[in-house]
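# Coordinate analysis (summary)
For reference, the chains in residue letters:
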Amino acid sequence: ERIARLEGEVARARLLPPAHTVATYGLEQADGLTFLVMEYLEGGDLGQLRGRSFESWARAADDVAAALEAVHAQGLVHRDLKCANVFLDRDGRAKLGDFGLLALAGSPSAGQSPYNASPQQLRGEPAKPADDLYAFGAMLYELISGHPPYYPEITRERVLNEPVPPLLPRGAVPVPVRELTLRLLAKSAGERPASAAELR
């Protein structure tokens, strides 16, 4: 069952253009182990830029938005966007990885963490690009403040019912970027940007 899940991840990842997504090469076996072979990016993940100035992560954020635009153009939803799933190369360019929850838009919701799941995902509604836009907002919130929204008590009930806590930047971040972040975290999908292209 686990190998079948990995095979499904490989098949889904191969649908995506390589410019902004981590290349997935396939499954290999050695010494009784089965493992997924992916592109190696030596720059670490996006989380290392938490709390720094806008200029330090702006290009990487745009790379992620471009990746989402490509994912959504294929009729897919990533469903697990977060700093830990964005990887940097040696030049600081970002690529989106971890396609284990990638699914066709309209598919039933999968298990989600309240760290980055939209209210719609937490209610079990079918997957939509607006879910990824919410997760992008949660990612920006973490980059700006140094922690995810609702931290440290991140619960399903808080995400569904409470306003987003005040966004307090740790580094210099333009006001329009902070406003966009809060718009992305709107409870209603209709109040978020209409697409990743509009987000960019």
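Position labels on residues start from 1 in each chain and follow its written sequence. Residue-level local features of this predicted model are given only where pLDDT is at least 70; pairs of side-chain atoms are given and counted only at 80 or more, and the full residue set underlies all totals for whole chains, interfaces and linings. Each side-chain value is derived from all of the structure's non-hydrogen atoms; neither hydrogens nor water enter the calculation.

### Some thoughts on the packing of aromatic side chains
Going by this rule: Ring pairs shown here join Phe, Tyr and Trp side chains whose ring centres sit within 6.5 Å, with only the six-membered ring taken for Trp; geometry is labelled stacked below 30 degrees between planes, edge-to-face above 60, and tilted in between. The helix and strand labels rest on DSSP assignments: H or I over at least four residues marks a helix, E over at least two residues marks a strand, and numbering proceeds from the N terminus. Burial classification: accessible surface area is computed with a 1.4 Å probe over protein chains only, and a residue below 20% of its type maximum counts as buried, one above 50% as exposed, and the rest as partly exposed.
If you walk through the whole model with that rule in mind, you get one aromatic pair. Taking 5.3 Å as the distance between ring centres and 85 degrees as the angle between the ring planes, the aromatic pair formed by Phe54 and Trp57 counts as edge-to-face. Of this pair, Phe54 and Trp57 both sit in helix H2 (residues 54-73), three residues apart, which is roughly one turn of the helix. Assessed through its relative accessible area of 23%, Phe54 is described here as partly exposed.

### A look at the pairing of strand E2 (residues 33-38)
For clarity, the threshold we go by: Should DSSP find at least two bridges between two strands, the strands are regarded as paired.
Judged from the six bridges that link them, strand E1 (residues 24-30) and E2 form a sheet pairing that is antiparallel. When the sheet's bridge partners are listed, Ala30 is paired in E2 with Leu33. Hairpin connection between E1 and E2: a loop of two residues separates the two successive antiparallel strands, and Asp31 in this loop has a positive phi of roughly 50 degrees.

### Quick word on the layout of surface pockets
Under the convention used in this document: Cavities and pockets were defined on a 1 Å grid built over protein atoms only: a cavity is a set of grid points that admits a 1.4 Å probe from which the probe cannot escape, a pocket is an open set flanked by protein on both sides within 12 Å along at least five of seven lines, and lining residues are those with an atom within 4 Å of any such point. Grid points are joined across faces, edges and corners, and a volume is the space filled by probe spheres set on the points. Following the grouping adopted for this structure description, the nonpolar residues are Ala, Val, Leu, Ile, Met, Phe, Trp, Tyr, Cys and Pro, the charged ones are Asp, Glu, Lys and Arg, and the polar ones are all others, Gly among them.
What the largest pocket holds in volume is close to 180 Å³. Lining the largest pocket are Phe54, Trp57, Ala58, Ala61, Asp62, Ala65, Phe136, Leu140, Val177, Leu180, Leu199 and Arg200. The element best represented in the lining of the largest pocket is H2, accounting for six residues. Classifying every residue of the lining of the largest pocket by side-chain character gives ten nonpolar, no polar and two charged.

### Here's the deal with the nonpolar core
Condition: Among buried residues, those of type Ala, Val, Leu, Ile, Met, Phe, Trp, Tyr and Cys that are joined through side-chain atoms within 4.5 Å constitute a nonpolar core. Residue contacts are counted whenever heavy atoms from the two residues lie within 4.5 Å of one another.
Core analysis: the biggest nonpolar cluster contains 44 residues, and Leu46, Trp57, Leu81, Phe136 and Met139 have the highest contact counts within it. At the level of secondary structure, the elements contributing two or more residues to this core comprise H2, strand E4 (86-88), strand E5 (94-96), helix H4 (129-145), helix H5 (156-161), helix H6 (175-184) and helix H7 (196-199). With ten residues, H4 is the largest single contributor of residues to this core. When near neighbours in sequence (up to four residues on either side) are disregarded, Leu46 contacts Ala60, Cys83, Val86, Leu88, Met139 and Leu143.

### Thoughts on H2
For clarity, the threshold we go by: The span one expects for a helix is its residue count, reduced by one, times 1.5 Å.
The end-to-end C-alpha distance of H2, which contains 20 residues, comes to 27 Å, matching closely the 28 Å that a straight helix rising 1.5 Å per residue would cover. What H2 keeps buried is the set Trp57, Ala60, Ala61, Asp63, Val64, Ala65, Ala66, Ala67, Leu68, Ala70, Val71 and His72. Considering only its buried residues, H2 is in contact with strand E3 (76-77), E4, E5, H4, H6 and H7. Once H2 finishes, Gly75 follows within two positions and takes phi at roughly 75 degrees, a positive value.

### Concerning unusual backbone geometry
A negative phi angle characterises most non-glycine residues, just as the trans form characterises most peptide bonds. Residue Tyr151 is joined to Pro152 through a cis peptide bond whose omega torsion reads 5 degrees. Relative to the elements of secondary structure, Pro152 occurs in the loop between H4 and H5. Of note in this structure, Asp31 is not a glycine but carries a positive phi near 50 degrees. Not every positive phi belongs to a glycine, and Asp98 is a case in point at roughly 55 degrees. Examined against the element boundaries, Asp98 turns out to sit in the loop between E5 and strand E6 (103-104).

### Some thoughts on the packing of H4 against H6
For clarity, the threshold we go by: An axis is simply a line fitted to the C-alpha atoms; with a helix, the fit covers only the stretch in contact. Between two such axes, the angle follows the N-to-C directions and lies from 0 to 180 degrees. Any angle from 65 to 115 degrees is called roughly perpendicular, while one under 35 is roughly parallel, one over 145 is roughly antiparallel, and all others are oblique. Crossing handedness is defined as follows: a turn of the near helix away from the far one that is anticlockwise and smaller than a right angle gives a left-handed crossing, while the clockwise case is right-handed.
At a closest axis distance of 8 Å, the pairing of H4 and H6 adopts a crossing angle of 135 degrees. In this view, H4 runs oblique relative to H6, as classed from their interaxial angle. Like other packed secondary-structure pairs, H4 and H6 cross with a definite hand, here left-handed. Packed against H4, whose contacting residues are Leu133, Tyr134, Phe136, Gly137, Leu140, Tyr141 and Ile144, the element H6 presents Val177, Arg178, Thr181 and Leu184 at the interface.

### What to know about the environment of Val71
Structurally, the position occupied by Val71 is in helix H2. Residues Val71 and Trp57, spaced 14 residues apart in sequence, show a C-alpha to C-alpha distance of 21 Å.

### Let's talk about the packing of H2 against H4
Between H2 and H4, whose axes approach to 11 Å, the crossing angle comes to 170 degrees. In terms of axis orientation, H2 runs roughly antiparallel to H4. Contact residues: H2 offers Trp57, Ala61, Val64, Ala65, Leu68 and His72, while H4 offers Pro129, Asp132, Phe136, Met139, Leu140, Leu143 and Ile144. Here the residues of the contact of H2 with H4 are counted per class, giving eleven nonpolar, one polar and one charged.

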